[in-house]
Amino acid sequence: MGVFKIEGGHQLKGSIQPQGAKNEALQILCAVLLTPEKVTIYNIPDIVDVNKLINLLKKLGVKVEKLSKGTYSFQADNLNLEYLESDEFKIDGRGLRGSIMIVGPLLARFGRGYIPKPGGDKIGRRRLDTHFEGFIKLGAKFGYSKEDQFYGVEAKKLKGTYMLLEEASVTGTANIVMAAVLAEGQTTIYNAACEPYLQQLCKMLNRMGAKISGVGSNMLIIDGVESLVGTDHTMLPDMIEIGSWIGLAAMTKSELTITNVSWDDLGLIPNVFRKLGITVEKQGDDIHIPAHTNGYEIQSFIDGSILTVSDAPWPGFTPDLLSIILVVATQARGSVLIHQKMFESRLFFVDKLIDMGAKIILCDPHRATVIGHDFKSSLKATTMTSPDIRAGVSLLIAALSAKGTSTIMNIEQIDRGYENIDERLRAIGAKIERLE
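Now for a quick tour of the structure. (Residues numbered from 1 in each chain as written. Predicted model: local features only at pLDDT ≥ 70, side-chain atom pairs only at ≥ 80, totals over all residues. Heavy atoms only, no water.)

What about the nonpolar core?
- Counting 78 residues, the largest nonpolar core has I278, I287, L326, L353, I408 and L425 as the members making the most contacts within it.
- For L425, the contacting residues outside a window of four places in its chain are W245, L248, L396, L400, A430 and I432.
- Residues I44, A183, I212 and V225 belong to the second largest nonpolar core, which totals 74 residues. (Core = buried A, V, L, I, M, F, W, Y, C linked by side-chain atoms within 4.5 Å. Buried < 20%, exposed > 50% of the residue type's maximum accessible area, 1.4 Å probe, protein only. Contact = heavy atoms within 4.5 Å.)

Spelled out as structure tokens, the structure:
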């Protein structure tokens, strides 16, 4: 188990470029299964979860070639579909939640798709019903082995239909879209997710010959086509990483520039940080955060009541950044209520922040009230364990602002979502060491 040793309390300075978007990568990589032609993808993040998916595609028979850092070509022209029913696949597929998104493309192109119950972050239940209900509406037969926890869908030919999704699931929408592009006739998906990553997937599929309209809205209309061709695609920068660096700059009173952020795809993220009193300056396509030497003050609502920050499906605020907002609030002037609506276990890392001296009241599994210190009392260094990707980075930011030397264990969770994070932080002055 890897460990980070962090000497906190140092100001950082410089610029940092966000990696390619993890959540987009997991969708885009699965989409290469829709065509026998070559697909070249740029700005792929070198992180554990993405590398696991690339290895799974290789075992499935996809020809994968690394062209340069972050750039790969994929060609799914001779797949080994027998791998899908092997014991090896049951192990490989379980280790990565994003593996669920191979089912839609395989079902559409080959008439069958299988997946073991996937793992991933321990952040509460994340149902797969949306995925499989969508496939069933397209005409697939669903099967589930309770003993093996193994799911399967099969169909001779998918047929377009109208569907209203019970939840605006990002991965569910992506999976259904990838199935529908090769279905016979027209598919309408209402209450579709419309995150920038989903928009990127739809734009890529359209370049491959798909006919998807309504991209960016919650109603997608898909006219099925016979086949798709190859294309090139460049990933967006990771908005979660961008938000993490904004929070890091504020907590360490550091002047940082975050480069090439694709500002137009950030939605509410800059404004939510501004509500905490953080200065977020747009400089071209960069974000500049000045050193907050005098701290930052949380706004109130216009009637004077306490600010509430909550998550919601896009264009609402992403749930992946609520833990960062919570950590940043611990040193603000004022108080804020954090309301995590979409996952029931994502606030369970706050006990570690309380151990560091933060003033947080965990109201219930979904809500926490944070009373800021205004930097009058530093967080104290401690030893802690990373429970999941986002909480792990939040604890890392807390440790970098804390007085003394902290230790974070189980950093493999952080590596699942952040590329060479210790090296990149050292480049801007952080005192962080990786111990094996």
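So, the sheet that holds strand β1 (residues 3–7)
- On the basis of which strands lie adjacent, the open sheet formed by four strands has the order β21-β22-β1-β23 and mixed pairing. Each end of this open sheet is capped by a strand with a single partner; those strands are β21 (383–385) and β23 (431–435). Each neighbouring strand pair of the sheet contributes to a mean axis angle of 20 degrees, computed without reference to strand direction.
- Pairing of β1 with strand β22 (residues 405–409), which is carried by five bridges, proceeds in the antiparallel orientation. Bridged to I6 within β22 is S406. (Pairing = 2+ DSSP bridges. Helix = DSSP H or I, 4+ residues; strand = E, 2+ residues; numbered from the N terminus. Axes fitted to C-alpha atoms, helices over the stretch in contact; angles between N-to-C directions.)

As for the layout of surface pockets
- Its volume calculated, the second largest pocket comes out at about 300 Å³.
- I44, D46, K69, G70 and E419 are, among the 17 residues lining the second largest pocket, the residues nearest its centre. (1 Å grid on protein atoms, 1.4 Å probe; cavity = no way out; pocket = protein on both sides within 12 Å on 5 of 7 lines; lining within 4 Å. Points joined across faces, edges and corners; volume = space filled by probe spheres on them.)

Focus: the sheet that holds strand β19 (residues 359–364)
- The four strands lie next to each other as β17-β18-β20-β19, forming an open sheet whose pairing is mixed. Edge positions in the sheet fall to β17 (307–310) and β19, since each of these pairs with one other strand and no more. For this sheet, the mean inter-axis angle between neighbouring strands, taken without regard to orientation, is 20 degrees.
- Of the pairings in the sheet, the one linking β17 to strand β18 (residues 335–339) comprises four bridges and is parallel in character. Note that in β18 the partner of S310 across the bridge is H339.

A closer look at helix α10 (residues 322–329)
- Within α10, eight of the eight residues are buried, which leaves the element mostly enclosed by the surrounding structure.
- Within α10, the full set of buried residues consists of L322, S323, I324, I325, L326, V327, V328 and A329.

Comments concerning the packing of aromatic side chains
- Across all of its chains, the model carries 11 aromatic pairs by this definition.
- Considering the side-chain rings of Y296 and F375, the 5.7 Å spacing of their centres and the 85 degrees angle between planes classify their relative orientation as edge-to-face. Here Y296, found in the loop between β16 (286–289) and β17, pairs with F375, found in the loop between β20 (367–371) and β21; they are 79 residues apart in sequence, far enough to count as distant. A single burial state applies to Y296 and to F375, both of which are buried. (Phe/Tyr/Trp six-rings, centres within 6.5 Å; stacked < 30°, edge-to-face > 60°.)

Considerations on the pattern of salt bridges
- Here the structure, examined in full by the defined rule, presents 19 salt bridges.
- Notably, a salt bridge pairs D92 with K59, separated by 3.1 Å at the nearest N-O pair. Here K59 lies in helix α2 (residues 48–59) and D92 lies in helix α3 (residues 87–94), a separation of 33 residues in the sequence.
- Under the relative-accessibility criterion, D92 is labelled partly exposed at 22%. (Salt bridge = Lys/Arg side-chain N within 4 Å of Asp/Glu carboxyl O.)

Some words on unusual backbone geometry
- The step from W314 to P315 runs through a cis peptide bond, and the omega angle for that step is 15 degrees.
- Within the secondary structure layout, P315 lies in the loop between β17 and α10.
- In this structure, S262 takes a positive phi of about 55 degrees despite not being glycine.
- Topologically, S262 is positioned in the loop between β14 (255–258) and α9 (269–275).

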